[in-house]
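# Architecture at a glance
As a plain string of letters, each chain reads:
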Amino acid sequence: MTPADPADRPWQDPTLPVAERTALLLAAMTLEEKVAQLGSQWKLEPLPQEPESASDDDPHRMAPVSETPGAVPLEEAARHGLGQLARIYGSRPVAPAEGAADLVRRQHVVMAGSRLGIPAVIHEEVLSGLTAWQATAYPTPLAMAATFDPGLVERIATAVGHDAVALGVHQGLAPVLDVVRDYRWGRVEETLGEDPYLVGMMGAAHVRGLESTGLVATLKHFAGYSASRGARNHGPVSMGRRELLDVMLPPFEAALALGGARSVMNSYTDVDGVPAVADRWLLTELLRDQWGFTGTVVADYGAIPMLHTVHRTAASPGEAGAQALAAGMDVDLPDTAAFGDRLVVRVRRGEVPEALVDRAANRVLAQKVELGLLDAGWTPEQSVARASDIELDSAAHRALAREAAESSVVLLDAGTALPLLGQGRPAPRRVAVVGPCADDAHTLLGCYAFPNHVLPGHPGHPMGIEVPTVLEAVRAELPEADIAHAPGCAVLGSDRSGLPEAVAAAQGADVCVAVVGDLAGLFGKGSSGEGCDRQDLTLPGIQAELLEALLATGTPVVVVVLSGRPYALGSVHRRAAALVQAFFPGEEGAAAIAGVLSGRVNPSGHLPVQVPREPTGQSHTYLQPSLGGAEPTWVTTLDATPLFPFGHGGSYTTFEVSHLRLSATEVPTDGEVEVTVRLANTGPRTGTEVVQLYLRDVVSSVVRPLRQLAGFARVRLEPGEEADVLFVLHADVTSFTGADLRRVVEPGEIEVFVGTSAAELPCRALVRLTGPQRTVGHNRRLHTPVRTRRLADH
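All chains use their own residue numbering, which begins from 1 and follows the written sequence. It should be noted that, the model being predicted, local features are given only for residues of pLDDT at least 70 and side-chain atom pairs only at 80 or more, the latter also being counted only at that level, while totals for whole chains, interfaces and linings use all residues. Heavy atoms throughout the structure, all of them, feed into the side-chain values; hydrogens and water do not.

### Here's the deal with the packing of aromatic side chains
Pairing of aromatic rings covers Phe, Tyr and Trp, the last through its six-membered ring, and needs centres within 6.5 Å; plane angles under 30 degrees mean stacked, over 60 mean edge-to-face, and all others mean tilted. Scanning the model with the defined rule gives 10 aromatic pairs in all. Residues tyrosine 197 and phenylalanine 712 carry aromatic rings whose centres are separated by 6.0 Å and whose planes lie at 85° to one another, so their mutual orientation is edge-to-face. Taken together, the positions of tyrosine 197 in helix H7 (residues 196-212) and phenylalanine 712 in strand E20 (residues 708-717) put the pair 515 residues apart, joining distant regions of the chain. Using a relative accessible area of 9% as the deciding quantity, one classes tyrosine 197 as buried. Under the scheme applied here, a residue whose accessible area is under 20% of the maximum for its type counts as buried, over 50% as exposed, and between as partly exposed, the area being computed with a 1.4 Å probe on protein chains only. Taking relative accessible area as the criterion, phenylalanine 712 reaches 10% and is therefore assigned buried. Residues tyrosine 622 and tyrosine 694 carry aromatic rings whose centres are separated by 6.3 Å and whose planes lie at 90° to one another, so their mutual orientation is edge-to-face. To qualify as a helix, a DSSP run of H or I must reach at least 4 residues; to qualify as a strand, a run of E must reach at least 2; elements of each kind are numbered from the N terminus.

### So, the pairing of strand E6 (residues 263-266)
Of the two faces of E6, both are covered, the one formed by Ser263 and Met265 as well as the one formed by Val264 and Asn266. Two strands form a pair only when DSSP identifies at least two bridges running between them. Of the pairings in the sheet, the one linking strand E5 (residues 216-222) to E6 comprises three bridges and is parallel in character. Following the sheet pairing, threonine 218 is matched in E6 by serine 263. Bridge count for E6 against strand E9 (residues 296-298) is three bridges, and the pairing is parallel. Residue pairing across strands places methionine 265 opposite valine 298, the latter belonging to E9.

### Overview of the packing of helix H6 (residues 150-166) against helix H16 (residues 395-408)
Under this scheme, a helix contributes an axis fitted over its contacting stretch, all axes are lines through C-alpha atoms, and angles between N-to-C directions fall in the 0 to 180 degree range. The geometry of H6 relative to H16 is characterised by a closest axis approach of 11 Å and an angle of 150° between their N-to-C directions. Taken together, the axes of H6 and H16 lie roughly antiparallel to each other. Seen from above, H6 lies across H16 with left-handed handedness. Note on element contacts: H16 touches H6 through His397, Leu400, Glu403, Ala404 and Ser407, opposite Leu152, Arg155, Ile156, Ala159 and Asp163. Charged residues are taken to be Asp, Glu, Lys and Arg, nonpolar residues to be Ala, Val, Leu, Ile, Met, Phe, Trp, Tyr, Cys and Pro, and polar residues to be all remaining types, Gly included. Class assignment of the residues belonging to the contact of H6 with H16 gives a composition of five nonpolar, two polar and three charged. Geometric relationships in this document are graded by angle, where less than 35 degrees denotes roughly parallel, more than 145 denotes roughly antiparallel, 65 to 115 denotes roughly perpendicular, and other angles denote oblique. In this scheme, a crossing is called left-handed if the near helix is turned counterclockwise away from the far one by less than a right angle; it is called right-handed if the turn is clockwise. Here, two residues are considered to be in contact whenever any of their heavy atoms come within 4.5 Å of each other.

### Looking at unusual backbone geometry
Following alanine 174, the chain continues to proline 175 via a peptide bond in cis, the omega torsion being 5°. Examined against the element boundaries, proline 175 turns out to sit in the loop between strand E4 (171-173) and H7. The omega angle of the peptide bond from leucine 333 to proline 334 is 0°, so this bond is cis rather than trans. Take proline 334: it is sitting in the loop between helix H12 (317-327) and helix H13 (340-348).

Now the structure itself:
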């Protein structure tokens, strides 16, 4: 293709405003060229995770998200240009240099097919790190949420973003901002927990990190995905708009307003019969008209044709594309399945206004301008200039992964056994490390970590990163101990042949460490992950039976749950010598767990989800009104009280929260109050506590939760040290959606609680909001700032 005279392409002038450059380019494009910018192509391999039972006529199977994956050569797909290329690094195991060469080749094909030489946006998954071979596997989002440390999340996301940008990637598909509503859902591991405020603050930090590197962060899944009936993946959502506005949408607001995300990805589900991918209220009236979002809305993989194949609101893929475009969708991912020629034909017939195409193309092109892709002289080669030198799992990355893992492990109950070393206990001489998760590196990683997400389709291929197992880490942590190992059983399945060996190992030990939980996978290939939903919250397979057998030996059993969701531990608690929870803590997770067991690491993780008592009847979260099961009541025989509450986390030191002070007891409905408590480390070790602020509306015009998180702070203190923790609580944070669907701050009494979990709240006070009821919108205060002031020695 002969280079054009720069004067013929004024949109390449970086001195012009983005809007002007975009308008000039759009005016020069044909309909076919504009529609091409709304399309995409994935790698040529079909998904390795397709279930063996899936048939060609099953509309729910995930392999053919584009109907015919890879059937259309790139040259044909990009004959008028192309909007995006999907997952060049994240679809098969390629080293950075090899992937970069493939990226350059594909970009040249796209640019050659475009009369105007427009390159494609490259996107990758960046949920638990960059989903690429040899890249650091960080803790899952649920584990990151357990740190209650937005600053740490931001630092990790920044590191991930720098790597992605160095590889020529422009857009990252993360974070997941779905608020957990049912622990049985397979994708709990991908979330940041069950509280909208926690999800919003941690999600905004993730976005800030990615966006600070120039990578476009993509919020997902917009919206309601995690509230499906029966926790069934893709299941319909039975939720009123008020609950959607108060529970599911605030994290997206926070990530846009406080993080600056430039892209949003739709949810697969329908809410009250309206699929998110075709919901004009959600994608246009709310997101753009009310919230002022100007970025791109991209389809979750295959979501647009699902209007035809699954939701059945469209009679054909072309009609599905027309519905999605009208609602506010901009890009058809991961392949052009419902836009493309089908959309061109409908515009030519007058069935779809060309203005809708222009609207979406304008957003896509504006983002390409922002990314520098349309600057004169831009080349694919320069975008990957650093790829051959990059170390995707550097020592600095592993140090970040280690810090996150150590901060995420939750000590549920130290019991009688932990820590194994110190505190006057004799060091154990014989230790049994048993359970299906004890010596399997994959059980430390989430479903979007490359070894679990892609490598199952490449048997025998090396993992690409070093991931020590818990068994290996315990051996390194306790070098003087005699370590026996037996898996006992698999994560899934009913094979009991290994139980006797595990029991024998426990019987011969001073202490038994039972490592049970999940193996993450996709679409039935694991016990946790996308498409791996559970009937109840019993440990998968026969692991509960394994624990019973171990407990019956009389040997002290330390139960370590390594999982993507909380499991019911009521039958184990008080009988086990200790309980530890780790939510897929990543490649450095085993050393973190071993450190907590020995006492080298003083645990500081806190639960972003409750741990249920019983496997059935407790699948809902803490965010409930009185009749929703937030506390026991005489009206039902079902006790939904959790075994361990939201926010709970133990330590090898002790803390005391006291001396609650309010700057005022009456505050205007547009004012703020300072809530201060004293935190003291009353124990023998340096430790970190998470101080948590909760609110309750004493009397409100609609039913409200008994308590809801409104602020938190991680505070590290030396033994005997004290600090004042001050929350600046604005009245806006008390707002909710009223019966008329307007968000309001109501006058009246607000009960303020401060403590270390949703159930451990020693400090309480009342604040009265005075003055008129206020209607608030997207510009309201979304964040409760926190300041910590360390006190002089007493």
